[in-house]
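Topology and contacts: notes
As a plain string of letters, each chain reads:
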Amino acid sequence: MKLLYSFCLLFLIAINSEAQNHPATANYDLKKKRLLIQSCSLYLYNSNQGSIDADSSVVLTCKAYKLPVALAYDEGFNDGTYLIGSDLIAKGNAHAAKQLFIKSKGVDKIKLALQLGIFYLFKPFAIPDDINNANLYISEAVKISNELKIKKWQHQSLMLLGKFYFQINNYPESKKCFSQVVEDCRKQKDKAILADALLNQATYQYDLDPEKEKILKETELLYIDLGFVEKKIEAKMKLCTIYFWHGKINDAKKIIYQNIADMRKIGFRQQQYGETTISYIEGTQYNMKGAFYYALKSVETMENTKDYTFADIFYMRLGLVYLNMGHYDEASKMAEKSIKYGQNVFNSGSWYKSFVTAAASLSMKGKNKEAIEYMNTVTSKYTPPNNFDKMLVNYAYGNCYARIKNYGTAENYFKKTAEAADALDSPQTYRDVCNSYSSIALFYANRADYKKTQLYVDKIDALSKKYNKTFGTEALYMSLYKLDSVNGNFKSALINHKIYKKFSDSLLDYAKNRQIEELRIKYETVNKEQKIKLLNQETDLQENALKKSKLLNTLSIWSLVLLLITIALLYNRYRLKQKNNAELEQKEKEINQKNINLRHLLDEKEWLLKEIHHRVKNNLQTVISLLNSQSAYLENDMALSAIKNSQHRIHSMSLIHQKLYNSENISTINMPNYIKELVEYLRESFSLGQKIRFELKIDPLELDVAQAVPIGLILNESITNAIKYAFPEDRTGMIYITMEATSENKYLLTIADNGVGFDVNISAKKINSFGLSLIKGLSDDLEATFSMENKNGTIFKIEFSKEFPINEKRR
């Protein structure tokens with residue numbers, strides 16, 4: 001019923017035994033443990049490309065991290081407190097749990113029914129009796145919850161029934177159960193229960209269902225609103241899976257970046273699953289630098305956290321990147337590590353790919369016979385467990401035999417590769433299958449068998465149309481070039497050859513470093529040979545010199561005299577050096593004492609500067625408080641608005657002095673942190689809620705306080721204007737703030753909104769002329785270029801130069 005590797009059989013025998021603590025989950029609460037199960041199992045499901053189903057990947061994850069399988073399914077009713085019968089079920093003692101169920105009543109009976117339903121429904125290698133038992137206890141839970149008329153248990157029971165129907169492939173009934181729960185939750189107007197219901201509904205829908213993406217997006221927004229970061233990450237991961245296998249690669253990559261950032265914020269350590277996924281995506285987009293960086297990052301994260309649970313995955317990915325970059329020795333080392341962990345620790349299904357990588361590394365170094373012997377040794381002991389691995393192994397054999405020009409044997413292996421590839425039909429295997437077809441097509445093109453070349457090119461075209469994707473490799477475009485040349489379609493042949501050259505040149509760029517290394521080794525070898533020749537010549541000269549014994553004796557005597565003179569000079573030099581060293585030691589002590597005094601003075605100066613910033617901040621806060629008190633006695637709206645604006649301006653300056661007081665660096669302001677706090681202050685001051693949202697993109701810049709103050713005031717004026725005038729009649733909208741370095745000494749600040757814009761014909765007095773005058777004046781103070789555009793809203797741009805240090809200005 002379920003697709004599992006043969007290696008999982010022994011691995012899962014004790015799956016329901018009581019879980020022990022795993023170092024990787026130390027200090028994790030239930031939320032983070034559940035997030036770990038979701039992130040790891042989703043990665044295993046996707047990376048195994050159809051060879052393991054979603055439930056089996058959950059079971060494998062839970063066993064590896066020593067977590068109960070129920071944690072993946074009981075979130076609706078297990079909050080970590082005592083749960084009746086959970087200890088019995090965790091130990092696999094279903095008989096005792098059934099006896100306890102018979103004796104239980106009310107809510108306890110429902111809880112036990114749900115747990116037993118989950119136990120039987122998601123049991124590895126489930127048999128018909130397990131399915132019948134699952135149906136029995138889930139039906140009991142539905143019945144009792146309806147009798148008690150408690151909404152929570154009605155929802156939990158009905159959702160588990162929906163999961164049951166999904167497992168037995170009754171998709172319409174499953175969808176009906178989840179839809180009923182979601183509809184009922186909407187009536188209750190409780191965001192938390194609605195979000196959980198929607199997430200369950202989306203999880204148990206097929207990826208091809210067009211509603212799934214829409215439901216997950218709504219779920220994500222609800223979790224953001226609730227502040228449930230772990231659940232937001234889970235919803236986004238499932239949305240990422242849809243994007244990934246439907247060709248929206250950049251959207252998927254963006255989600256992974258966001259999830260990794262959120263994981264860091266909440267202290268979730270297992271970020272390597274996201275990093276290795278980014279490495280894979282970058283590789284499919286031929287960005288080898290990005291693929292290499294994130295493959296290294298995933299290994300670094302794994303090693304830093306000491307979470308080697310699925311180490312074969314991360315070493316396998318790094319090994320593949322090394323192979324694609326032409327670093328074959330490094331690829332072999334990583335492949336060996338992956339094989340070691342896959343065979344001896346936990347097997348995620350990745351070590352078999354690493355074995356193929358190791359063989360390919362030998363082949364690419366010209367050691368094809370050694371590669372064939374190595375593959376024979378491994379495959380005789382470990383036969384390929386599935387069609388995907390069969391395709392990879394036969395592909396590797398075919399390449400090795402083709403490189404030693406044994407074309408008959410190579411063709412036989414390529415035929416086996418094609419047979420295995422033909423049996424793989426899913427979006428998950430599309431890219432690897434097409435890659436195999438393209439290599440086979442090039443093999444036949446090089447043999448001038450263009451009929452078979454066309455056959456495999458057509459297979460790639462058919463798969464691309466079926467999955468609405470595009471595929472292109474160096475091998476494919478060379479095959480197309482040869483086909484077009486033979487058919488007389490020279491224009492198309494030229495286009496395909498250009499694309500082939502583009503791929504070829506890009507791969508050549510990554511090989512250059514290796515060529516430079518080889519040239520360096522050759523150069524050193526030549527130098528060594530020249531040195532050997534010189535030594536031989538010196539030996540000849542010495543032999544000639546020995547024949548002139550009289551001359552040699554004379555030279556020896558004079559040499560002895562010179563040696564005595566040299567020793568005398570050296571001794572004199574030694575005495576002088578001792579004297580100088582003693583003087584230098586004394587001076588060094590004096591300098592060290594002066595440095596200590598200077599450091600003390602510098603510390604006092606820094607303390608005084610911090611105290612000044614603190615007092616300036618307090619004075620500014622006092623002014624804000626005075627203005628606030630004054631506003632209580634004013635009834636004129638314009639006056640009140642002016643005071644409010646003044647408070648905002650003073651706060652922007654006060655915030656700078658506060659940050660300088662709290663920071664170790666008392667001369668510059670960290671702009672990303674400052675701008676974020678300023679925006680949060682303005683958002684709270686105007687009570688915006690979700691009406692107006694902000695999107696910040698600030699480079700990690702440090703500005704001198706002389707520049708930070710005008711920038712803060714400009715931001716205050718621009719954002720305040722946008723909030724007041726860009727979105728009339730309670731419109732919703734976005735305000736975008738970016739600050740970036742456009743060149744080495746130039747920065748660009750942009751404040752934009754998607755509001756109504758400004759009327760270019762309106763008089764200056766009606767568009768907050770003081771605010772605009774202030775912005776222009778501050779821009780002049782910064783010697784900046786100020787511009788204002790009306791393009792789908794209002795856009796302010798201020799471009800200014802980096803402030804020079806004071807000592808440079810004086811010079």
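Refer to the preceding data block for the structure.
Anyway, here's the lowdown on the structure attached to this text. (Residues numbered from 1 in each chain as written. Predicted model: local features only at pLDDT ≥ 70, side-chain atom pairs only at ≥ 80, totals over all residues. Heavy atoms only, no water.)

Attention shifts here to the packing of helix α6 (residues 106-121) against helix α8 (residues 151-167). Look at α6 against α8: their axes get within 11 Å of each other, and the N-to-C directions meet at 15°. Comparing the axis directions of α6 and α8 gives the class roughly parallel. Relative to α8, α6 is oriented so that their crossing is left-handed. Between α6 and α8, the residues in contact are Val107, Ile110, Lys111, Leu114, Gly117, Ile118 and Leu121 and Trp153, Gln156, Ser157, Leu160, Lys163, Phe164 and Gln167, respectively. Here the contact of α6 with α8 is composed, by residue class, of eight nonpolar, four polar and two charged. (Axes fitted to C-alpha atoms, helices over the stretch in contact; angles between N-to-C directions. Helix = DSSP H or I, 4+ residues; strand = E, 2+ residues; numbered from the N terminus. Parallel < 35°, antiparallel > 145°, perpendicular 65-115°, else oblique. Left-handed = near helix turned anticlockwise from the far one by under 90°. Contact = heavy atoms within 4.5 Å. Nonpolar A, V, L, I, M, F, W, Y, C, P; charged D, E, K, R; others polar.)

This next bit is on the packing of aromatic side chains. Overall, the coordinates contain 32 aromatic pairs when judged by the stated rule. Centre to centre, the rings of phenylalanine 244 and tyrosine 280 are 5.8 Å apart; their planes meet at 40°, and the pair counts as tilted. Here phenylalanine 244 is found in helix α12 (residues 229-245), whereas its partner tyrosine 280 is found in helix α14 (residues 272-284), with 36 residues between them in sequence. According to the relative accessible area criterion, phenylalanine 244 is buried, its value standing at 11%. Among the residues examined, tyrosine 280 registers a relative accessible area of 22% and is labelled partly exposed. Aromatic pair tyrosine 437 and tyrosine 456: ring centres 5.9 Å apart, planes at 40°, arrangement tilted. Highlighted residues: tyrosine 437 in helix α22 (residues 430-446) and tyrosine 456 in helix α23 (residues 450-467), separated in sequence by 19 residues. Using a relative accessible area of 3% as the deciding quantity, one classes tyrosine 437 as buried. (Phe/Tyr/Trp six-rings, centres within 6.5 Å; stacked < 30°, edge-to-face > 60°. Buried < 20%, exposed > 50% of the residue type's maximum accessible area, 1.4 Å probe, protein only.)

With that settled, consider unusual backbone geometry. As a rule of thumb, non-glycine residues mostly have phi less than zero, and peptide bonds are mostly trans rather than cis. With a phi close to 65°, asparagine 27 is a non-glycine residue in the positive phi region. The topology assignment puts asparagine 27 in the loop between α1 (8-11) and α2 (30-47). The exposed category is assigned to asparagine 27, whose relative accessible area is 80%. At lysine 189, a residue that is not glycine, the phi angle is positive and equals roughly 55°. Positionally, lysine 189 belongs in the loop between α9 (171-188) and α10 (191-203).

Turning our eyes to something else, we now look at the pairing of strand β7 (residues 794-801). Looking down a regular strand, the side chains alternate between one sheet face and the other. Taken together, the seven bridges between strand β5 (residues 746-753) and β7 define a ladder with antiparallel strand orientation. Looking at β7, one finds that leucine 748 is bridged to glutamate 799. Hairpin connection, strand β6 (residues 785-790) to β7: the antiparallel pair is bridged by three residues, and asparagine 792 has positive phi, about 55°. (Pairing = 2+ DSSP bridges.)

Moving on: helix α18 (residues 351-364). With 14 residues, α18 extends 20 Å between its outermost C-alpha atoms, agreeing within 8% with the 20 Å of an ideal straight helix rising 1.5 Å per residue. Positive phi appears at glycine 366, one or two residues downstream of α18, with a value of about 85°. (Expected span 1.5 Å × (residues − 1).)

Reading across the sheet, the five strands line up as β2-β4-β5-β7-β6 and stay open at both edges, with mixed pairing between neighbours. Looking at strand neighbours, the two that pair on one side only are β2 (692-698) and β6, the edges of this open sheet. Each neighbouring strand pair of the sheet contributes to a mean axis angle of 10°, computed without reference to strand direction. Looking at chain direction, β2 and strand β4 (residues 733-743) are connected through seven bridges and run parallel.

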